[in-house]
Amino acid sequence: MTQDTKSPKRLQRDRSTLTHKVGYALTHPGRVAPYLRRASRDTWLRLKHPDHVGYYRAVMASDTRRNPEAAVGSQTHERWLALGQMQFDYLVEHGLRPEHRMLDIGCGNLRGGWRFIDYLDTGNYYGIDISPDILIAAKKTLVERGLQDKLPHLTITGDLTLDFLPGDHFDVVHAHSVFSHSPPTVIAQCLAHVSRVLTDKGFFDFTFDRTEGTEHQVLREDFYYRTETLLAMARKYGLHGSFMDDWEKRPHGQSKIRVSRAPLPALDQYDG
Ligand SMILES: C[S@@+](CC[C@H](N)C(=O)[O-])C[C@H]1O[C@@H](n2cnc3c(N)ncnc32)[C@H](O)[C@@H]1O
């Protein structure tokens, strides 16, 4: 992935239009067959699972069977390692401390998670996911990294009300590449409930697929939002939000927003 992923032209693109699909097929003929396979799976899974979480859980079951690292979006092991490192480095540079309690929403197979578990004090990592298959893969990652003694929590969830978690508890909440796969109802549910579990100085960082044109989705798997839509949603639930400008320099296709209960210190006031 290159800087080009956020060029003004790409940010205006509406991938759901027929014109885009035809143009893309002509310039990437090798990707037509995989897209058609995804589209037919999408049709079948939509019929079987009218609710989004049920649908996406089935997508993850199918993708994880083939390759757990690809299921979380990394086509090679090197890329899986690099993406986890990128999440980790950024969060440590932007406020994460070993004594913090962290909630990782949509933790996947611990691409970033194993590094957070290693860094945080024992018991301070809490990963949740809707997919039992990817959580089994997460446990394998934990064993491979020899991190059993850090006693992380890895928990299945069916929604993002976070009602089974204590209030005023987490210093850092994190969701990497989760809202890029979520419709507005799921994001709104998360933003409506996250402030209860955050501490007063805590923050919630999430990535999203950004568009500066029309908001759209590809199948039911990928969702593109305008920054202002998500900031307005956060405001509706009483959260303060800011666009993380310096994440844009990282070689990652998505953008990042930080929200919190209280106004945030300026970015340059996070030491480290
Ligand atoms: C692209 S993967 C990213 C995993 C991990 N955050 C990482 O960066 O490696 C998205 C993960 O979010 C999970 N997920 C999707 N929708 C979710 C939701 N509404 N609540 C919790 N987890 C969700 C998926 O099962 C999957 O494991």
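Residues numbered from 1 in each chain as written. Predicted model: local features only at pLDDT ≥ 70, side-chain atom pairs only at ≥ 80, totals over all residues. Heavy atoms only, no water.

(A) Representation of the overall build of the chain. Tallying secondary structure elements over the chain gives ten helices and nine strands in all. What you see for the chain is a C-alpha radius of gyration of 18 Å, in line with the 19 Å of a compact globule of 272 residues. Projected onto its principal axes, the C-alpha positions of the chain cover 50 × 40 × 35 Å. Among the 272 residues that make up the chain, the fraction classed as buried is 52%. Within the chain, contacts between residues at least 6 apart in sequence are counted, and of these 72% link residues at least 24 apart. Carbon and sulfur atoms form 55% of the exposed surface of the chain, whose accessible area is close to 13000 Å². (Helix = DSSP H or I, 4+ residues; strand = E, 2+ residues; numbered from the N terminus. Rg over C-alpha atoms; globule rule 2.2 N^0.38 Å. Buried < 20%, exposed > 50% of the residue type's maximum accessible area, 1.4 Å probe, protein only. Contact = heavy atoms within 4.5 Å. Areas by Shrake-Rupley, 256 points an atom, 1.4 Å probe, with all protein chains shown as cover.)

(B) Inspection of the pairing of strand E5 (residues 198–210) at higher detail. Within E5, eleven of the 13 residues are buried, which leaves the element mostly enclosed by the surrounding structure. When E5 meets strand E9 (residues 255–260), the two strands line up antiparallel, connected through six bridges. Along E9, the bridge assignment pairs Phe 208 with Ser 255. Note: E5 against strand E7 (residues 222–225), two bridges, orientation parallel. What sits directly across from Asp 209, in E7, is Tyr 224. (Pairing = 2+ DSSP bridges.)

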